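Below are the chains, spelled out letter by letter.
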Amino acid sequence: ERHEAAEQPARSMSPAVTAHAPGGTTVPVAVTIGSFDLAGERLNTVVLRDIERRRREEQRLRGYARALERANADLERSRRKAEQAAAAKTEFLANMSHEIRTPMTAILGFTEELLDQAENLSVPRETIEALNTIQRNGDYLLTLLNDILDHSKIESGRLELERVSYSPIAIV
């Protein structure tokens, strides 16, 4: 004779429950209670599952989560410090470039004036070559300073772009 079992859904109970394991130790367990009908008779079941390993894993995961939160906080502090250092560097470069650029412009202006006067006077060729060297290297340094200023403006988000019409053929 064949018997049909009409199962009822199992219910899990979540309160902290311990059970005595073989050897006399006490272990945390999850309790599942269910019932079903078998041949017209109502049968109840109770299942105990050892959850010690799951609890240890959950504790380990909570430890990892705390360590990750601490690492994220450390990274955030480091990011803020790096941003502050980058801003300080950008400001320093911009200030130094301006401070050097002003006297460099004066040197170049005086050099140009001396070269203009040298053309009208009988100045030795070596002096004119020295003035040309000063002007050439001063122009190079001024270009370098302008590049540093542009870089500082780019880093700080203050670079202004200018739209200019041009001929691509003229560039090439």
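Quick notes on the rules
Here, residues in each chain are numbered from 1, in the same order as that chain's written sequence. For this predicted model, a pLDDT threshold of at least 70 governs which residues receive local features, and a threshold of 80 or more governs which side-chain atom pairs are given and counted, while totals over whole chains, interfaces and linings are taken from all residues. Hydrogens and water molecules were not included; the side-chain quantities draw on all heavy atoms of the structure. Each helix is a run of H or I in the DSSP string that is no shorter than four residues. Each strand is a run of E no shorter than two, and both are numbered from the N terminus. For this analysis, residues touch if any pair of their heavy atoms sits within 4.5 Å. A helix is expected to span 1.5 Å multiplied by its residue count minus one. Exposure categories follow from relative accessible area, calculated using a 1.4 Å probe and restricted to protein chains: below 20% of the type maximum is buried, above 50% is exposed, and the middle band is partly exposed. The working definition used for a salt bridge is a side-chain nitrogen of Lys or Arg within 4 Å of a carboxyl oxygen of Asp or Glu.

Digging into the side chain of Gln135
Here Gln135 is to be found in helix H2 (residues 125–156). In contact with Gln135, other than residues within four places in its own chain, are Leu108, Thr111, Glu112 and Leu115.

Remarks on H2
Since one α-helical turn is 3.6 residues long, residues separated by three or four positions face the same way. Its 32 residues place the ends of H2 46 Å apart at the C-alpha level, agreeing with the 46 Å of an ideal helix rising 1.5 Å per residue. All buried positions along H2 are accounted for by Ile128, Leu131, Gln135, Gly138, Leu142, Leu145, Leu149 and Ser152. Looking at the packing, one finds that the buried side of H2 touches helix H1 (52–120). Count one or two residues on from H2 and you reach Gly157, which has phi positive near 75°.

Observations concerning unusual backbone geometry
Leave glycine aside and you will find that most residues have negative phi; peptide bonds, for their part, are mostly trans. The phi torsion at Ala39 lies on the positive side, around 55°, for a residue other than glycine. Among the structural elements, Ala39 can be located in the loop between strand S3 (26–38) and strand S4 (41–50).

Structural notes on the pattern of salt bridges
Tallied over the entire structure, the rule returns 10 salt bridges. Here Glu83 ties to Arg79 by a salt bridge, and the two come within 2.6 Å at their closest N and O atoms. Residue Glu83 and its partner Arg79 are located together in helix H1, separated by four residues, close to a single helical turn. Salt-bridge contacts for Arg125 lead to Glu129; the nearest nitrogen and oxygen are separated by 3.9 Å. Here Arg125 pairs with Glu129, and both are found in helix H2, just four residues apart, close to one helical turn.

Quick look at the environment of Arg80
Structurally, Arg80 is set in helix H1. The sequence separation of Arg80 and Leu61 amounts to 19 residues, and the corresponding C-alpha distance is 28 Å.

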